[in-house]
Amino acid sequence: EKSLFERSIFFLYSPVQRAVTGAVRGLGSLWTNYFDLRGVRGENQQLKKEIFFRNQDVRFLEDRLRFFQSEAQVRKSLAAFQGTIVPARVIGVDSANPYQTIVLDKGSLDGVGKDMAVCDRFGNLVGRTIAPVGLKETMVQLITDKDSSVSVVSAVDRLTGSVTGKSGAFCELRYVLASASGGQPGEELLTTGYDKIYPAGLRVGSIRSLEKDESSPIFRRIAVEPYFRFNTIDIVAVITKAGGGE
């Protein structure tokens, strides 16, 4: 049997021993968890990198899918010109004024030349190719450019004139005589082919408003809203077929 002294020492130091043992075990567990946590963090970082690259791959594939879908949409919208269209992607916009010119990723090597009509994916007129025409790049003058001019006719009342840009979101229909009757807001305007650049029948826009032109009383002032939108001209179609009413 233990002596009184030994029993006293046991009762005094056993709680201390238990506390020290618990502390050592806690530190050991904390140390192990620390290394485990570092391992988890490393794995987490690796997973984040893999997810990032996977997302990049997904975005690339989605972009290519949109391109092919848009190309198919272009061909469907311009079925009348099947075999004479070149789908192209917009790769640049005039930084000074986005309503003037854009740049395409197709050029002379793809059969694109000067003065060819360009339409969006829905078949609406966007503009025409202008010089310079590179081997794989082409500049396009938009119909909203102030120096642009497109011969058009209204679909209902057959008002004939020239749609000219204003380097802004809207255009105007010029050279319609004040004596000419007809013309209503919302009436569609189509190309005539008289300018020998744009094939006849392409959709240009619609009449927005009609007023008297105080500066030139012999003509009417007609505002035009183009059909094409900048958010739909990521993919366009260059019509290589000649104009002139064909």
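Residues numbered from 1 in each chain as written. Predicted model: local features only at pLDDT ≥ 70, side-chain atom pairs only at ≥ 80, totals over all residues. Heavy atoms only, no water.

A. Representation of the overall build of the protein. If you tally the helices and strands in the protein, you get one helix and twelve strands. The order of helices and strands in the protein, counted from the N terminus, is α-β-β-β-β-β-β-β-β-β-β-β-β. A buried classification covers 36% of the 246 residues belonging to the protein. Nonlocal contacts in the protein, meaning residues at least 24 apart in sequence, comprise 57% of its contacts between residues at least 6 apart. (Helix = DSSP H or I, 4+ residues; strand = E, 2+ residues; numbered from the N terminus. Buried < 20%, exposed > 50% of the residue type's maximum accessible area, 1.4 Å probe, protein only. Contact = heavy atoms within 4.5 Å.)

B. Looking closely at the sheet that holds strand S6 (residues 149-154). Spatially, S6-S7-S8-S11-S10-S9 is the arrangement adopted by the six strands of the closed barrel, whose pairing is antiparallel. Pairwise comparison of adjacent strand axes, ignoring direction, gives a mean angle of 45° for this sheet. Bridge analysis of S6 against strand S9 (residues 188-191) gives three bridges, and the strand direction is antiparallel. The partner of Val152 across the bridge, within S9, is Thr191. (Pairing = 2+ DSSP bridges. Axes fitted to C-alpha atoms, helices over the stretch in contact; angles between N-to-C directions.)

C. Quick look at the nonpolar core. With 37 residues, the main nonpolar core has Ile102, Leu104, Leu125 and Leu173 as its most contacted residues. In this view, Leu104 contacts Ala88, Arg89, Val90, Ile91, Lys136, Glu137, Thr138, Val140, Val236 and Val238; residues no more than four positions away in its chain are not counted. (Core = buried A, V, L, I, M, F, W, Y, C linked by side-chain atoms within 4.5 Å.)

D. The side chain of Thr129, seen in detail. As for its position among the elements, Thr129 is in strand S4 (residues 125-133). Residue Thr129 is classed as buried on the basis of its relative accessible area, which comes to 0%. A distance of 2.5 Å separates a polar side-chain atom of Thr129 from the backbone oxygen of Gly113. (Polar contact = N/O pair within 3.5 Å; in protein donor to acceptor, adjacent residues only side chain to side chain.)

E. Spatial organisation of the pattern of salt bridges. Applying the stated criterion to the full structure yields seven salt bridges. Between Lys136 and Asp110 there is a salt bridge, and its shortest N-O distance comes to 3.1 Å. One end of the pair, Lys136, is in the loop between S4 and strand S5 (138-142); the other, Asp110, is in the loop between strand S2 (101-104) and strand S3 (117-120), with 26 residues separating them in the sequence. According to the relative accessible area criterion, Lys136 is partly exposed, its value standing at 35%. (Salt bridge = Lys/Arg side-chain N within 4 Å of Asp/Glu carboxyl O.)

F. Examining the environment of Thr192 more closely. Relative to the assigned elements, Thr192 resides in the loop between S9 and strand S10 (203-212). As a C-alpha pair, Thr192 and Gly161 span 31 residues in sequence and 9.5 Å in three-dimensional space. A polar side-chain atom of Thr192 sits 2.5 Å from a polar atom in the side chain of Ser151. For Thr192, the side chain forms a polar contact with the main-chain nitrogen of Tyr194, separated by 3.1 Å.

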